[in-house]
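These are the residues of each chain, in order.
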Amino acid sequence: KVYVACQSMLIVLVGAVPEYRIDQEGIPTSRAELGKHIHFADNFTSIVTEASTSWYLIEQEAYKVSLASSLFFAGLLIGNITFGPLSDKLGRKPVYISGLFFDVVFGYVTALAPNYDTFAVSRFFVGIVNGGMALVSFVLTQEYVGKSFWSFTGSLTNLTFAVGIAVYALLGYCVREWRYLALVSNTPGVIFLLLSFMLPESPRWLYSQGKTAEAEDVLQYIALGNGKERLNLKLKPSAGTLRKDDSAPGILNLVKHPVLRWQTIILMYIWYVCSFVYYGLTLNAGELRGNLYLNVALSGLVEVPAFPLCMFLIEKSWSGRRKTMACFLIFAGFACIFTMFLPTNAGLLLSPTLLALCGKMMVSAAFNIVYIYTSELYPTVLRNAGLGVCSMSCRFGGILAPFVPSMKSLSPSVPFVVFGISGLSAGFLTLLLPETLNKPIAESIEDLQSPKYQVLKNEEAE
């Protein structure tokens, strides 16, 4: 996740615009001539300052920096929707390793790009494999451990992403040349790729596919690695084991099954709102002044307190996954709405920026829980497909959020009302989903026929 964070945040520093001035003497007649009249500050370089005649992304060409960022998020959307079903069909490990391999390859293409077009296209492909690989790696991590550890491993995984943002800021502070920064931040992927070959396949996936002997071998390997003695382990055949004439479950099953259909619709909206409010608060709370690298680091570190809070609350019987996520989303919604009532000069304790940062921490917590919660709601045979569809809707939230500030032309408070209503509505919709704390994980679609999976509203266990 540290590597994923570096790739995700790359454009923030690589596409930063340093201070510059343009000589007014003479009118440049070509891009090559334009380069002689531009003088950039020499504290760092970026694609904006690239000395090639086809770059210089300023003034009329400045939109290309945002375009490269948009292409990365468009790639994430495609990766989220394609890698999930592939890993459900082919296995977690081969899809994860393939994605990480191509992520490293396209990462180096980004660093060595001879022109802007190559850079932009490489960012698109990095987005595809980065988003897909990150999704599969999250599921793989969850399926290595027992369900009682899912909240811990899920929170720890998302926590390392936030820490990765701060690590990337530190790398940017130390490496000011953008090509070297791209190379340095991409190189850890090679180490992680080599280490990943040591990982076993997901025992849950093997079991869901009817490969009980292989699943038993993986469980024995994990037990020995934990210092346990060799176990006398024998798994029962899975109720959802495919017959040879059956086709593997796919995305259409998310629509066919009534329980999955309504859960997916609600979860897609919640994922969308999490992304929408998260990026909206970041854009509307007011940009932090001062050091660029410190600002990037703070944008990640402000999320860190959310994760231990999540791990504590979602394991308590009086809160659980459902109520905790609903409360975090509702608090984030109120933070957005209350922000518009505070004057900008109200002081530190009552400043809109501080309240917006608190809101960002709340929605970060909800974002963390929704990963864990979603993976528990879907059966193993459809877990990656479900997460992929939900994560796809999340990308739409990230794409739309930057356009909301333009609504300030109607009224300065309109953007905050939009984000606030979104957060509140998602929070209340969360209460329609079932609680998964201390409940068994569905391995197959057949498991959903059990009465406890037939209702969306949570019921107290008898």
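Look above for the structure.
The paragraphs below set out a description of the structure included in this document. Nothing here was measured: the structure is a model prediction, and the numbers come from that model.

### Topic: empty space enclosed by the protein
Point 1. For the structure shown, the criterion picks out 1 cavity of 30 Å³ or more.
Point 2. Its boundaries defined by the atoms lining it, the largest cavity holds a volume of some 60 Å³.
Point 3. Together, Leu13, Val14, Ala16, Phe44, Thr45, Gly172, Val175, Arg176, Trp178, Leu181, Leu292 and Tyr293 line the largest cavity.
Point 4. Those elements that place two or more of their residues in the lining of the largest cavity are helix H2 (10–14), helix H8 (178–186) and helix H14 (292–301).
Point 5. Class assignment for the residues of the lining of the largest cavity results in 9 nonpolar, 2 polar and 1 charged.

### Side note on the side chain of serine 87
Point 1. Assignment of secondary structure puts serine 87 in helix H4 (residues 63–90).
Point 2. Every residue in contact with serine 87, bar those within four places of it in the chain, is listed here: Arg92, Val95, Val136, Trp205 and Asn384.

### Section: the nonpolar core
Point 1. If you look at the biggest cluster of nonpolar residues, it comprises 49 residues, and the most contacted ones within it are Ile270, Trp271, Met325, Phe328 and Phe367.
Point 2. For this core, the secondary-structure elements that each account for two or more residues are helix H6 (116–144), helix H13 (258–284), helix H15 (306–313), helix H16 (320–339), helix H17 (352–377), helix H18 (383–400) and helix H19 (414–430).
Point 3. Counting residues per element, this core draws most heavily on H17, which supplies 12 residues.
Point 4. Formed by 29 residues, the second largest nonpolar core is a distinct cluster that contains Phe119, Ala166, Ala182 and Val296.

### Considering the pattern of salt bridges
Point 1. For the coordinates displayed, the defined rule picks out 6 salt bridges.
Point 2. With its nearest N and O atoms 2.8 Å apart, the salt bridge here joins glutamate 143 to arginine 92. Placement of the pair is glutamate 143 in helix H6 and arginine 92 in helix H5 (residues 92–111), with a sequence separation of 51 residues. Neither residue differs from the other here; glutamate 143 and arginine 92 are each classed as buried.
Point 3. Residues glutamate 376 and arginine 321 are paired through a salt bridge, measuring 2.8 Å at the closest nitrogen-oxygen approach. Here arginine 321 lies in helix H16 and glutamate 376 lies in helix H17, a separation of 55 residues in the sequence. Exposure class is identical for glutamate 376 and arginine 321. Each is buried.

Rules and cut-offs
- Starting from 1, residues in each chain are numbered consecutively following that chain's sequence as written.
- Predicted model: local features are reported for residues with pLDDT of at least 70 only, side-chain atom pairs are reported and counted for 80 or more only, and whole-chain, interface and lining totals are derived from all residues.
- The side-chain quantities take in all heavy atoms of the structure and omit both hydrogens and water.
- Points on a 1 Å grid, built from protein atoms alone, make a cavity when a 1.4 Å probe fits but cannot get out and make a pocket when they are open with protein on both sides within 12 Å along at least 5 of 7 lines; residues with an atom within 4 Å of a point are the lining residues.
- Grid points are joined across faces, edges and corners, and a volume is the space filled by probe spheres set on the points.
- Secondary structure is summarised from DSSP: a helix means a run of H or I of at least four residues, a strand means a run of E of at least two, and numbering begins at the N terminus for each.
- When residues are grouped by polarity, Ala, Val, Leu, Ile, Met, Phe, Trp, Tyr, Cys and Pro land in nonpolar, Asp, Glu, Lys and Arg in charged, and all others, Gly among them, in polar.
- Should any heavy atoms of two residues lie within 4.5 Å, those residues are counted as being in contact.
- In these notes, a set of buried Ala, Val, Leu, Ile, Met, Phe, Trp, Tyr and Cys residues joined through side-chain atoms within 4.5 Å is what counts as a nonpolar core.
- Here's how the labels work: a residue is buried when its accessible area is under 20% of the maximum for its type, exposed when over 50%, partly exposed in between, all with a 1.4 Å probe on protein chains only.
- Every case where a carboxyl oxygen of Asp or Glu lies within 4 Å of a side-chain nitrogen of Lys or Arg is listed as a salt bridge.

By themselves, these observations are geometric and do not establish any function.
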